[in-house]
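An overview of the molecular structure
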Amino acid sequence: MSDPIVIIGAGQAAASFISRHIALGNQQPLLLIGDEPLPPYQRPPLSKKYLLGELDRERLFIRPQQWYADRGVTTRFNTRVDSIAPGDKNITTENGETIAYSQLVLCTGSRARDLPDAIGGHLENVFTLRNMADIDEMSPEFKPGRKLLIIGGGYIGLEAAAVARLLGLEVVLLEMADRVLQRVAAEQTSDYFRKLHLSHGVDLRESARLSRLIKIDGRVTGAELDDGETIDADSVLVGIGSIPNSELAEAAGLDCDNGISVNQTCQTSDANIYAAGDCCSFIREGSRIRLESVQNASDQGDLIARVFAGEDVRYKSLPWFWSDQYGCKLQIAGLNHGFDQTMVRPGANEDSQSIWYYREGNLIAVDAMNDPKAYAFGRKIIDAGLNPAPEVVADPGTDLKALAKN
Amino acid sequence: MANITWKTEDGNEITVDVKDGLNLMEAATSNNVPHIEGECGGCLSCATCHVFIDEAWLAKTGEVDDIEDTMLEMTDVERRDNSRLSCQIIASPELDGLIIHVPEPE
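Residues numbered from 1 in each chain as written. Chains lettered and ligands numbered in written order. Predicted model: local features only at pLDDT ≥ 70, side-chain atom pairs only at ≥ 80, totals over all residues. Heavy atoms only, no water.

**Comments concerning the interface of chain A and chain B**
If you look at the interface, chain A gives 26 residues, while chain B gives 20 residues. The junction of chain A with chain B conceals about 1,900 Å² of combined surface from both sides, 49% of it contributed by carbon and sulfur atoms. The interface formed by chain A and chain B contains three salt bridges. Put simply, Arg20 of chain A and Glu37 of chain B hold a salt bridge, and the shortest N to O gap is 2.9 Å. (Contact = heavy atoms within 4.5 Å. Buried area = accessible area lost by both parts, 1.4 Å probe. Salt bridge = Lys/Arg side-chain N within 4 Å of Asp/Glu carboxyl O.)

**With respect to the pairing of strand 22 (residues 320-325) of chain A**
All names here are of chain A. Of all the six residues making up strand 22, five are buried; the element is thus mostly covered by neighbouring parts of the structure. Note: strand 22 against strand 23 (residues 328-334), six bridges, orientation antiparallel. Bridge pairing in strand 23 links Gln325 to Cys328. Linking strand 22 back to strand 23 in an antiparallel pair, the connection comprises two residues, with Tyr326 at a positive phi of about 55 degrees. (Buried < 20%, exposed > 50% of the residue type's maximum accessible area, 1.4 Å probe, protein only. Helix = DSSP H or I, 4+ residues; strand = E, 2+ residues; numbered from the N terminus. Pairing = 2+ DSSP bridges.)

**Re unusual backbone geometry**
Glycine aside, the phi torsion of most residues is negative, and most peptide linkages are trans. Phi at Tyr326 of chain A takes a positive value of approximately 55 degrees, unusual for a residue other than glycine. Position of Tyr326 of chain A among the secondary structure elements: in the loop between strand 22 and strand 23. Judged by relative accessible area, which is 14%, Tyr326 of chain A ranks as buried. We note that Ala47 of chain B has phi near 60 degrees; this positive angle belongs to a residue other than glycine. With respect to the secondary-structure elements, Ala47 of chain B resides in the loop between helix 1 (24-30) and strand 3 (50-53). On the accessibility criterion, Ala47 of chain B (8% relative accessible area) is buried.

**Observations regarding the sheet that holds strand 4 (residues 81-85) of chain A**
Residue and element names in this part refer to chain A. Read across the sheet, three strands follow the order 4-5-6 without closing on themselves; strand pairing throughout is antiparallel. Single-partner strands in this sheet number two, and they are strand 4 and strand 6 (98-100). Strand-to-strand twist across the sheet, computed as the mean angle between neighbouring axes with direction ignored, equals 25 degrees. (Axes fitted to C-alpha atoms, helices over the stretch in contact; angles between N-to-C directions.)

**Brief notes about the confidence of the model for chain B**
All names here are of chain B. When the pLDDT values of chain B are averaged, the result is 94; 100% of them are 70 or greater. For chain B, the element scoring lowest by mean pLDDT is helix 2 (residues 66-71), at 93; strand 3 scores highest, at 98. Both scores are available for the predicted complex, with the pTM at 0.95 and the ipTM at 0.89. (pLDDT = per-residue confidence, 0-100.)

**Concerning the environment of Gly41 of chain B**
Residue position: Gly41 of chain B is located in the loop between helix 1 and strand 3. Of the residues examined, Gly41 of chain B reaches a relative accessible area of 28% and is grouped as partly exposed. Residues Gly41 of chain B and Cys87 of chain B, spaced 46 residues apart in sequence, show a C-alpha to C-alpha distance of 8.0 Å. Other than its neighbours up to four places away in sequence, Gly41 of chain B contacts Gln42 of chain A together with Met25 of chain B.

**Considering the nonpolar core**
Burial of nonpolar side chains together is a common tendency in soluble globular proteins. Phe17, Ile91 and Leu106 of chain A are the most contacted members of the largest nonpolar core, which has 98 residues in total. Every residue in contact with Leu106 of chain A, bar those within four places of it in the chain, is listed here: Ile8, Ile84, Ala249, Leu254, Ile260, Ile273, Tyr274, Ala275, Ala276 and Cys279 of chain A. Ile381 and Ile382 of chain A together with Ala28 and Met74 of chain B belong to the second-largest nonpolar core, a separate cluster that totals 51 residues. (Core = buried A, V, L, I, M, F, W, Y, C linked by side-chain atoms within 4.5 Å.)

**Brief notes about empty space enclosed by the protein**
Residues and elements named next belong to chain B. All chains considered together, the criterion is met by one cavity of 30 Å³ or more. Its volume calculated, the largest cavity comes out at about 30 Å³. For the largest cavity, the full set of lining residues is Gly38, Cys40, Gly42, Leu44, Ser45, Cys46, Ala47, Cys49, Leu85 and Cys87. Considering only residue class, the lining of the largest cavity consists of seven nonpolar, three polar and no charged. (1 Å grid on protein atoms, 1.4 Å probe; cavity = no way out; pocket = protein on both sides within 12 Å on 5 of 7 lines; lining within 4 Å. Points joined across faces, edges and corners; volume = space filled by probe spheres on them. Nonpolar A, V, L, I, M, F, W, Y, C, P; charged D, E, K, R; others polar.)

**Examining the sheet that holds strand 16 (residues 235-238) of chain A**
Residue and element names in this part refer to chain A. One open sheet accounts for five strands, arranged 9-16-10-11-12; its pairing is parallel. Lying at the two open borders of the sheet, with one neighbouring strand each, are strand 9 (126-128) and strand 12 (203-205). Adjacent strand axes in the sheet meet at a mean angle of 20 degrees when their direction is disregarded. Summarising the sheet, strand 10 (residues 147-151) and strand 11 (residues 170-174) pair through five bridges and their orientation is parallel.

**Concerning the state of the cysteines**
A complete count under the given rule lists zero disulfides over all chains for this structure. Not engaged in a disulfide, the cysteine Cys87 of chain B finds its nearest cysteine sulfur in Cys49 of chain B; these two sulfurs lie 3.8 Å apart. (Disulfide = S-S within 2.5 Å.)

**Some thoughts on the packing of aromatic side chains**
Residues and elements named next belong to chain A. As enumerated under the stated definition, the model contains seven aromatic pairs over all chains in all. Their ring planes at 80 degrees and their centres at 5.0 Å tell us that Trp67 and Tyr68 sit as a pair that is edge-to-face. Looking at Tyr68, the relative accessible area reads 1%, which means it is buried. Aromatic pair Tyr192 and Phe193: ring centres 5.1 Å apart, planes at 65 degrees, arrangement edge-to-face. Comparing Tyr192 with Phe193 shows no difference in burial state: the two are buried. Among the aromatic residues, ring-to-ring pairing joins Phe17, Tyr274 and Phe308 into one connected group. (Phe/Tyr/Trp six-rings, centres within 6.5 Å; stacked < 30°, edge-to-face > 60°.)

**Description of helix 8 (residues 294-308) of chain A**
Residue and element names in this part refer to chain A. With 15 residues, helix 8 should reach 21 Å at 1.5 Å per residue; the first-to-last C-alpha distance of 21 Å fits that figure. Of all 15 residues in helix 8, 14 are buried, a share of seventy percent or more. In the stretch just after helix 8, Gly310 is the one whose phi turns positive, near 95 degrees. (Expected span 1.5 Å × (residues − 1).)

**A word on the pattern of salt bridges**
Applying the stated rule across the entire model yields 31 salt bridges over all chains. Residue Arg306 of chain A is joined to Glu311 of chain A by a salt bridge in which the shortest nitrogen-to-oxygen separation is 3.3 Å. With a relative accessible area of 23%, Arg306 of chain A lands in the partly exposed category. Given the relative accessible area of 31%, Glu311 of chain A is considered partly exposed. Residue Glu73 of chain B is joined to Arg79 of chain B by a salt bridge in which the shortest nitrogen-to-oxygen separation is 3.0 Å. For Arg79 of chain B, a relative accessible area of 27% puts it in the partly exposed group. Linked by salt bridges that have partners in common, Arg20, Asp302, Arg306 and Glu311 of chain A together with Glu37 of chain B make up one network.

Below is the structure:
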């Protein structure tokens, strides 16, 4: 029997690859290796419904635990891979076992960036949010009346703030930049979410610089800002971005640039090694980018299975994202990188609107807040390469559905 | 509990007893029904759990709300009068015997 296709990393990209591989009837055996004790699960609900306690663990599994064995997929969870030997086409696990592969699929994901130890990142009640285990660790802290300090006003920080408020915690959120979501969205989107969180009682502070966490007996009791102000806290959640898990690939000599570099078929610089999801970077519209999203992980995993089955496919999916905060549903179509103009389109209700991003006169992305029509038709319009003028989309009288059909 | 059957275009049938409270996208992916992906986990952002409900059952599966109606514009296979996003249908005893047709994208 031929050597298996080995998949390192058991997240969304891995599950998507395996599902497509099986659906296509590819007979090549699969071995899935993951360092967590669990089969692939959905991460987005972790900072939302799972943290709220509204969703059982099993319902997060992308496929039931038994599904893999039932379909002949060998799984090894709780197992780290120590090294890859591309020349010999094998990997070595932390237990010293060497496993030969025919092809290797790297789905190693990304990890949360920690606060530096020097300012208290290592203390026991300082959390990051990435894995199910992270939530299981922090959820005892999510009790009414407890004081939570959140460092970072990106999506993770804001989603956690929303859950914490819904559960009755007191929340202070610090953002270093002059506005929340500064790295990922236009001012109008930041304004919308600032207002939303303030109205739900979050003490949200922008242009706020943390000097250090204050500790007593190894536990955080608060934080000191650079202007000398101190803030009390029972626990701290750090949401300051993520880092691609590309060390294994780098050590094996694969090209890496902000993640494992892949081409339009998700192939790395080694012909027998592919990569998908948060861990890899690829060229889109002339620049090398890395995305952290379910859409990207799923679509790239799916694409690799198609490539292995002999299909002539290239990665060109339009990115999309979502976030839920309180009752607000944010849906994003496209990528706003490099935008130079935005237009606000009012929605049907007071709390709904959409932000349309243009770059050099071309529509590139839409943020839709409580406005699924703007998201759905915006996505169709961008995908079709239609390019309605900013004034046209800003006009609430414009029928987006008709626009998408042009 | 509801006994639910998914029929694919190539004539395969998958019949499963689905626990009350589960949505039918979850039920489908757990039981390897092809072409149902549910990428967004059921939060109405992806339209990858699109199904056609057997006409006789359409009323029993409930109303299509505005968000679902909008997202049905995004399906790979064009929507029909009996289109639903299966993440929005929750298993209950009333759906015992339900027949679902699974569209097959190109």
